[in-house]
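Overview (structure and organization)
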Amino acid sequence: MIQIQPSTHPASAEERAQRMTNPGFGRIFTDHMVVVPYKEGEGWGKGVLKAYGPIEMDPAASVLHYGQAIFEGFKAYKQQDGSIATFRPEANSRRFNTSAARLAMPDLPEAIFLEAAKALITQDQAWVPGAVGESLYMRPLMIGTEAALGVRPSNEYLFILMASPSGAYFPAGVKPVTVWISDDYVRAAPGGTGFAKCAGNYAASLVAQHQAKGEGCDQVVWLDAVTRNYIEEMGGMNMFFVYQENGVTTIATPELTGTLLPGITRDSLLQLARELGYRAEERKITVDEWRAAIKSGRMTEVFACGTAAVITPVGHVKSKRGEWSINKGETGPVAARLREALLNLQHGLAPDTHGWMKKIVG
Ligand code: PLP
Ligand code: COI
């Protein structure tokens, strides 16, 4: 059971309303957080919901030196009927434990993950925005906290759950992005941590993202580390390529090879697409195929997907291998339809035939 210790200084209704105007992504946080400690030999200790604020750590804490840090991201949505529900949190709990195992960190029971979410969303329900496209972004985190400089797994950890009211991830909203195919950097290599949501993957991506910006692009596209031919992901999102052939619409996404993050949005779209009458495939896709299929007109759209931005169309591609545009740089009908279908489901505007929504409040 999580012990509830409400904040003595929650934001006033006016302050909250003011901070929730144009929240953007990950800039504001609710009044509370949940913290659960772990000690080797004792297991997970008593969880506490308390005022959001700084945490104290020994400067020798292992996370600060050797980077034992994993995180997750899922969202709570205001439903049509005023209740609040989260989207596939069990899938995030499973992926959290896959990441934990890769970084030699302890398994966090799903019951603790879900109870923490319920406690925090219930306590801070006034912070859940109401408009379609807005939500309360939940950020679970686990870090190694033992003060020890030997290179070995920490014997102490903290699980922390925080919540951040969010609107559009990209400042321009759902406008198509321009991408830079990275030939100089890779995100993940076979045997590495690509399939895990660990902090180090993101640290290693920043210089490539910076290079993309320097080339006038919004995001970087990652290629496989071995052949540098296969497309893997876009920044922190999975990718889909849309083909129109003989009246059949196919969406194809790079297959999960161990170097890609298995996105929950990706998995959901594969299922939704089939229900909408599209063919959906997981397979290898090369940069050459991308360029040729755009040129021949077989490929009509490209988009990226993830929890934070849902679906973001790709409008232009730049690289050392050439430049091309997709659908004249405009959002295409398949991306728009899938985005609407997913958002409708998440906000309770369409029936939840998969049992993906987990009601938390109301
Ligand atoms: N790929 C990477 C590298 C990510 O960080 C994310 C975000 O979580 C995704 C893909 C999309 O995953 P999901 O749809 O589960 O948010
Ligand atoms: C996503 O939700 O798509 C993300 O990549 C999250 C990001 C802020 C790490």
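Everything in this summary refers to the structure shown in the same document. (Residues numbered from 1 in each chain as written. Chains lettered and ligands numbered in written order. Predicted model: local features only at pLDDT ≥ 70, side-chain atom pairs only at ≥ 80, totals over all residues. Heavy atoms only, no water.)

**Quick notes on a nonpolar patch on the surface**
Selection rule: Patch rule: a residue counts if its relative accessible area is over 30% and it has no salt bridge; like charges are joined within 9 Å, and nonpolar side chains (Val, Leu, Ile, Met, Phe, Trp, Tyr) within 5 Å. Each accessible area value is a Shrake-Rupley result obtained with a 1.4 Å probe; residue values ignore everything except the protein chains displayed when judging cover. The working definition used for a salt bridge is a side-chain nitrogen of Lys or Arg within 4 Å of a carboxyl oxygen of Asp or Glu. Strands here are runs of E lasting at least two residues and helices are runs of H or I lasting at least four, both read from the DSSP assignment and numbered beginning at the N terminus. In this scheme, a residue with accessible area under 20% of its type's maximum is buried, one over 50% is exposed, and one in between is partly exposed, where area comes from a 1.4 Å probe on protein chains only.
On the surface, Ile55, Met57 and Leu64 cluster together to form a nonpolar patch covering roughly 240 Å² of accessible area. Structurally, Leu64 is set in helix α2 (residues 62-66). For Leu64, a relative accessible area of 52% translates into the label exposed.

**Considerations on the environment of Leu342**
Relative to the helices and strands, Leu342 resides in helix α8 (residues 333-346). Residue Leu342 is classed as buried on the basis of its relative accessible area, which comes to 0%. In this structure, the C-alpha to C-alpha distance between Leu342 and Ala309, residues 33 residues apart in sequence, is 12 Å.

**Notes on the nonpolar core**
To keep it simple, the criterion reads: The criterion is simple. A nonpolar core is a set of buried Ala, Val, Leu, Ile, Met, Phe, Trp, Tyr and Cys residues joined through side-chain atoms within 4.5 Å.
Counting 39 residues, the largest nonpolar core has Ile121, Met142 and Phe159 as its most contacted members. Listing elements by their share of this core, those giving two or more residues are β2 (32-39), β6 (74-78), α3 (89-102), α4 (110-123), β8 (135-144), β9 (156-166) and β19 (357-361). Looking at this core, the element that brings in the most residues is α4, giving 8 residues. In this structure, Val221, Leu223, Ala293 and Ile294 belong to the second largest nonpolar core, which totals 26 residues.

**Some thoughts on the packing of α3 against α4**
Inclusion rule: Under this scheme, a helix contributes an axis fitted over its contacting stretch, all axes are lines through C-alpha atoms, and angles between N-to-C directions fall in the 0 to 180 degree range. In this scheme, roughly parallel covers angles under 35 degrees and roughly antiparallel covers those over 145, while 65 to 115 is roughly perpendicular and the rest are oblique. In this scheme the handedness of a crossing depends on how the near helix is turned from the far one: anticlockwise by less than a right angle means left-handed, clockwise means right-handed. In what follows, residue pairs with any heavy atoms lying within 4.5 Å of each other are defined as contacts. Note on residue classes: Ala, Val, Leu, Ile, Met, Phe, Trp, Tyr, Cys and Pro are nonpolar, Asp, Glu, Lys and Arg are charged, and everything else, Gly too, is polar.
In contact at an axis separation of 10 Å, α3 and α4 are set at 130° when each is read in the N-to-C sense. For the element pair α3 / α4, the angle class is oblique. Seen from above, α3 lies across α4 with right-handed handedness. Taking contact as the criterion, the partners of Pro89, Glu90, Asn92, Ser93 and Phe96 in α3 are, on α4, Glu110, Phe113 and Leu114. Among the residues forming the contact of α3 with α4, the class breakdown is 4 nonpolar, 2 polar and 2 charged.

**Here's the deal with the site of ligand 2**
Basically, it comes down to this: Throughout, the term near means that a residue has one or more heavy atoms lying within 4 Å of the molecule or strand in question. Under the rule applied, a polar contact is a pair of N or O atoms within 3.5 Å (in protein, one hydrogen donor and one hydrogen acceptor; residues adjacent in sequence only if both atoms are side-chain atoms). In this entry, domain limits derive from an automatic or database-based domain assignment.
Neighbouring ligand 2 are Phe25, Phe71, Tyr137, Arg139, Tyr169, Lys197, Tyr202, Gly236, Gly306, Thr307 and Ala308. Backbone polar atom of Gly236 to an oxygen atom of ligand 2: 2.7 Å apart, as the coordinates give it. The contact in question runs from an oxygen atom of ligand 2 to an N or O atom on the backbone of Thr307, over 3.3 Å. Protein chains shield 87% of the accessible area of ligand 2, which is 280 Å² for the free molecule. A per-class count over the shell around ligand 2 returns 6 nonpolar, 3 polar and 2 charged. Residues lining the shell around ligand 2 come from more than one domain, with at least three contributed by each of domain 1 (2-166) and domain 2 (177-346).

**Comments concerning helix α7 (residues 287-296)**
Cut-off, in case you're wondering: The arc in question is the one spanned by the directions pointing from the helix axis to the C-beta atoms.
Residues of α7 that are buried: Val287, Glu289, Trp290, Ala293 and Ile294. All buried residues of α7 lie within an arc of 165° about the axis, which places them on one face of the element. In α7, the exposed residues that point more than 90 degrees away from the buried face are Lys295 and Ser296. Positive backbone phi, approximately 90°, marks Gly297, located one or two places after α7.

**Brief notes about the site of ligand 1**
In the vicinity of ligand 1, 16 residues are found, and the nearest of them are Lys197, Tyr202, Glu233, Thr265 and Thr307. Measuring from an oxygen atom of ligand 1, one finds a side-chain N or O atom of Lys197 at 2.6 Å. Within the side chain of Thr307, one N or O atom sits 2.5 Å away from an oxygen atom of ligand 1. Considered on its own, ligand 1 offers 380 Å² of accessible surface; in the complex 95% of this is hidden by protein. Those elements that place two or more of their residues in the shell around ligand 1 are β13 (237-245), α6 (264-275) and β16 (299-306). Class assignment for the residues of the shell around ligand 1 results in 5 nonpolar, 7 polar and 4 charged.

**What about the packing of α6 against α8?**
Where α6 contacts α8, the two axes come as close as 11 Å, and the packing angle between them is 105°. With respect to their mutual orientation, α6 and α8 come out roughly perpendicular. Here Thr265, Ser268, Leu269, Leu272 and Ala273 of α6 come into contact with α8, specifically with Leu338, Ala341, Leu342 and Leu345. Of the residues assigned to the contact of α6 with α8, the class counts are 7 nonpolar, 2 polar and no charged.

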